[in-house]
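A look at the structure
The residues making up each chain are set out below.
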Amino acid sequence: EDKVVQSPLSLVVHEGDTVTLNCSYEVTNFRSLLWYKQEKKAPTFLFMLTSSGIEKKSGRLSSILDKKELFSILNITATQTGDSAVYLCAVVGGYGGSQGNLIFGKGTKLSVKP
Amino acid sequence: SAVISQKPSRDICQRGTSLTIQCQVDSQVTMMFWYRQQPGQSLTLIATANQGSEATYESGFVIDKFPISRPNLTFSTLTVSNMSPEDSSIYLCSVGGYFGYTFGSGTRLTVV
């Protein structure tokens, strides 16, 4: 059965700290791995990773994929209170009629204290 | 990337009734996905909607409970039928492609 596992499930840090969120996966027909930030209802897209070892960066956020070890990390440096959210990892996989759908992990709830 | 307009944003419904959620995409897309997010949980795929064919449902979801329409390449609806309090969730539509996957703004459904 396809699965995506995120750790930790929750994390409390102080402003200015650096955090690393983890995502491991076992998915048939892997295509890509995506990271999202969810604050209210709709997840907001952060990164899409398809190749191993290539870091993607956007401001204080960065992410990298290891397709050999089947995991990805999301780093946030110099955290701010506005970074407080649930961070979701999702993998594009599946086959048959569901090909191309996202398989989500349970998410990491990040709380940044002032 | 595509922009999706989803409505309603939220609703409070009586048990036994039905609610139809709409998603309009600003470009033509082949596949649209419908997800459910129960309180405190992650997103679970309900079904994949292709234009011109029946939707494909995931294990645990059936067409009688969650009928889906896909009349053209920019629009889809999901109906939550004969609702019970267990259907209280956030419902999200999504489209995907090489650019990534975009979500509608979500519908927060409360069944009382």
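For the structure, see preceding data.
First, a word on what this report is: a plain description of the structure on this page. (Residues numbered from 1 in each chain as written. Chains lettered and ligands numbered in written order. Predicted model: local features only at pLDDT ≥ 70, side-chain atom pairs only at ≥ 80, totals over all residues. Heavy atoms only, no water.)

Notes on the overall build of chain A
Across its full length, chain A carries zero helices and 11 strands. Listing every helix and strand of chain A by position from the N terminus yields β-β-β-β-β-β-β-β-β-β-β. Scaling as 2.2 N^0.38, a compact globule of 114 residues should have a C-alpha radius of gyration of about 13 Å, and chain A matches this with 14 Å. When the backbone C-alpha atoms are referred to their principal axes, chain A occupies close to 45 × 30 × 20 Å. Classification of the 114 residues of chain A by burial places 45% in the buried group. Looking at chain A alone, contacts between residues at least 24 apart form 55% of all its contacts between residues at least 6 apart. When the accessible surface of chain A is split by element, carbon and sulfur atoms take 50% of a total near 5,500 Å². With 13 positive and 10 negative side-chain charges, chain A shows a separation of 6 Å between the mean positions of the two kinds. (Helix = DSSP H or I, 4+ residues; strand = E, 2+ residues; numbered from the N terminus. Rg over C-alpha atoms; globule rule 2.2 N^0.38 Å. Buried < 20%, exposed > 50% of the residue type's maximum accessible area, 1.4 Å probe, protein only. Contact = heavy atoms within 4.5 Å. Areas by Shrake-Rupley, 256 points an atom, 1.4 Å probe, with all protein chains shown as cover. Lys, Arg positive; Asp, Glu negative; His and termini not counted. Charge placed at Lys NZ, Arg CZ, Asp CG, Glu CD.)

Considering the environment of Val-29 of chain B
Residue and element names in this part refer to chain B. Along the chain, the position of Val-29 falls in the loop between strand 3 (19-25) and strand 4 (31-37). We classify Val-29 as buried; its relative accessible area is 11%. Along the primary structure Val-29 and Val-95 are separated by 66 residues, whereas in three dimensions their C-alpha atoms are 7.1 Å apart. Aside from chain neighbours lying at most four places away, what touches Val-29 is Arg-70, Leu-73 and Val-95.

Side note on the sheet that holds strand 8 (residues 75-80) of chain B
All names here are of chain B. A sheet is described by the order of its strands in space; here four strands give the open sequence 1-3-8-7, paired in antiparallel fashion. Only two strands of the sheet have a single partner each, and these edge strands are strand 1 (4-7) and strand 7 (68-72). On average, each strand axis in the sheet is inclined to that of its neighbour by 15 degrees, with strand direction left out of account. Here six bridges tie strand 3 to strand 8, and the two strands are oriented antiparallel to one another. (Pairing = 2+ DSSP bridges. Axes fitted to C-alpha atoms, helices over the stretch in contact; angles between N-to-C directions.)

Concerning the sheet that holds strand 8 (residues 71-76) of chain A
Residues and elements named next belong to chain A. Within the open sheet, the five strands sit side by side as 1-3-8-7-6. Their pairing is antiparallel. The outermost strands of the open sheet, each flanked by one partner alone, are strand 1 (3-7) and strand 6 (56-58). Neighbour-to-neighbour, the strand axes of the sheet open up by a mean angle of 15 degrees, direction not taken into account.

Looking at the packing of aromatic side chains
Per the stated rule, a full pass over the model turns up nine aromatic pairs over all chains. On the numbers, 5.9 Å between centres and 70 degrees between planes, the contact of Tyr-36 of chain A with Phe-45 of chain A is edge-to-face. Its relative accessible area of 0% is what places Tyr-36 of chain A among the buried residues. With a centroid separation of 5.8 Å and an interplanar angle of 55 degrees, the aromatic rings of Tyr-35 of chain B and Phe-103 of chain B are classed as tilted. Remark: Phe-103 of chain B occurs in strand 10 (residues 100-103) and Tyr-35 of chain B occurs in strand 4; sequence separation between them is 68 residues. (Phe/Tyr/Trp six-rings, centres within 6.5 Å; stacked < 30°, edge-to-face > 60°.)

Describing the interface of chain A and chain B
Listed by partner, the interface residues are 20 residues for chain A and 23 residues for chain B. The junction of chain A with chain B conceals about 1,600 Å² of combined surface from both sides, 55% of it contributed by carbon and sulfur atoms. Applying the counting rule to chain A against chain B returns zero salt bridges. Between chain A and chain B we count six residue pairs in polar contact (both at pLDDT 80 or more) in total. Of the residues belonging to the side of chain A that touches chain B, the class tally is 10 nonpolar, seven polar and three charged. (Buried area = accessible area lost by both parts, 1.4 Å probe. Salt bridge = Lys/Arg side-chain N within 4 Å of Asp/Glu carboxyl O. Polar contact = N/O pair within 3.5 Å; in protein donor to acceptor, adjacent residues only side chain to side chain. Nonpolar A, V, L, I, M, F, W, Y, C, P; charged D, E, K, R; others polar.)

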